[in-house]
Amino acid sequence: MKLIDGRKTAELIKEEIKKEIAGMIDKNDKSPHLAAVLVGDDPASQTYVSGKEKACKKVGMMSSVYKHPANISEKELLEVVDFLNGDPEIDGFIVQLPLPDHINEQKVIEAIDPRKDVDGFHPVNLGRMITGMPAYIPATPLGIMTLLERYEIETEGKNCVVIGRSNIVGTPVGILMSRKSDPGNATVTLCHSKTENLKDIAAQADIIIAAIGKAGSVTADMVKKDAVVIDVGIHRIKSNQTKTGYKLVGDVDFDRVSKKCSYITPVPGGVGPMTIISLLTNTLKASKKEIYG
Ligand code: NAP
């Protein structure tokens, strides 16, 4: 079994982005600028946004965070989005999800100018992705495809089972894997909570992508020998093996599955680090106007 090292791959891409930005600055071009809108004080959202800020700093990208209290109205939030859409200094921005219940998330996503939608959640970008046009690809699916590409994992003609159909992970990665591209050209089965015989379906897969949100739910009996396993899940569980009393695990029963498969992404250090770097990749594309010209 070989580990797919997301941390190392993300570091390599970070260096590539850093070099490219240094080149832009040498030519007196402005460095790319990513903004994030953060609503409320959810600790996980705060951690994600500060991780994004730190990553920007490391590659020489500018970053700004627009913090708003949880009681901001939908109208006020839409005004913030409108302001960022029109600000020529900002190349791309994200609205950190989830938003408080009184705000319609979809309405906010649809208010973002698709040219600045570096999260790739806007229906225009999703539609362009489906039809194979240039588009911002959501960061986690882009990170997964990049790992498959950099590890030269053959996907063409392979049987790929994606477990989970969320708009941010399962559905887009299923589309990307089935697209006429490399990586891609796989025969994809998209499974979800209503799928019958999940175990039998998964056991046929050459490639399993698990984005379920349930710790250890992909067990060794669901995995064919020498399959490739991509674990998207992240869970903080209690552990007496660490000083903090917690450890991070994925959707896959790593200890047993890793003995059977050919490649696997660990948690932590697999898909996670690729998500932030993919957001930076999208922001760099936005500043170079690569997608929309
Ligand atoms: P989500 O929106 O909760 O979607 C979970 C999907 O799994 C749903 O489609 C659900 O089916 C399906 N599902 C739930 N239980 C199932 C079961 N027993 N059998 C088959 N399918 C089942 O989750 P998400 O946002 O896609 O995230 C999934 C996991 O990835 C989470 O652990 C999340 O923390 C992690 N994540 C990691 C990263 C990263 O950077 N590494 C990024 C995003 C998410 P239904 O549609 O029928 O409900």
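Only a predicted model underlies this, so the values are computations on that prediction, with no experimental measurement involved.

What should I look at first to understand the confidence of the model for the protein in this one?
A low pLDDT means the predicted coordinates there should not be read in detail. Scored by pLDDT, the protein has a mean of 97; 100% of the residues are at 70 or more. When pLDDT is averaged over each element of the protein, strand 7 (residues 207–210) comes out on top at 99 and strand 9 (residues 235–238) at the bottom at 93.

Help me understand the sheet that holds strand 3 (residues 62–68), please; the structure alone is not making it clear to me.
Sheet strands pair by backbone hydrogen bonding; their relative direction is either parallel or antiparallel. Spatial strand order, 3-2-4: three strands in an open sheet with parallel pairing. Among the strands making up the open sheet, the edge pair consists of strand 3 and strand 4 (92–95). The mean inter-strand angle of the sheet, taken between neighbouring strand axes irrespective of direction, is 15°. Two strands pair when backbone bridges link them, and strand 2 (residues 33–39) and strand 3 are joined in this way by seven bridges, in the parallel orientation. Residue pairing in the sheet places Val 39 in a bridge with His 68 of strand 3. Here helix 3 (residues 74–86) sits on the sheet and contacts strand 2, strand 3 and strand 4; the angle it forms with strand 2, its principal contact strand, is near 175°.

Would you mind going over the site of the ligand with me for this structure?
Taken together, 21 residues sit near the ligand, with Arg 165, Ser 166, Ser 193, Lys 214 and Thr 275 positioned nearest. Here Val 232 contributes a backbone N or O atom positioned 3.4 Å from a nitrogen atom of the ligand. Between the ligand and Ile 234, the relevant distance is 3.3 Å, taken from an oxygen atom to a main-chain nitrogen or oxygen of the residue. When residues in the shell around the ligand are grouped by element, the largest group, three residues, is from helix 10 (residues 271–287). Of the residues belonging to the shell around the ligand, the class tally is nine nonpolar, 10 polar and two charged.

Where do I start with the layout of surface pockets in this structure?
Space inside the second largest pocket adds up to approximately 470 Å³. Within the residue set of the lining of the second largest pocket, elements represented by two or more residues are helix 1 (6–26), helix 6 (139–150) and helix 10. Considering every element that reaches the lining of the second largest pocket, the biggest residue donor is helix 10, with six residues. When grouped by side-chain class, the residues that make up the lining of the second largest pocket number 13 nonpolar, four polar and nine charged.

Rules and cut-offs
Residues numbered from 1 in each chain as written. Predicted model: local features only at pLDDT ≥ 70, side-chain atom pairs only at ≥ 80, totals over all residues. Heavy atoms only, no water. pLDDT = per-residue confidence, 0-100. Helix = DSSP H or I, 4+ residues; strand = E, 2+ residues; numbered from the N terminus. Pairing = 2+ DSSP bridges. Axes fitted to C-alpha atoms, helices over the stretch in contact; angles between N-to-C directions. Contact = heavy atoms within 4.5 Å. Near = heavy atom within 4 Å. Polar contact = N/O pair within 3.5 Å; in protein donor to acceptor, adjacent residues only side chain to side chain. Nonpolar A, V, L, I, M, F, W, Y, C, P; charged D, E, K, R; others polar. 1 Å grid on protein atoms, 1.4 Å probe; cavity = no way out; pocket = protein on both sides within 12 Å on 5 of 7 lines; lining within 4 Å. Points joined across faces, edges and corners; volume = space filled by probe spheres on them.

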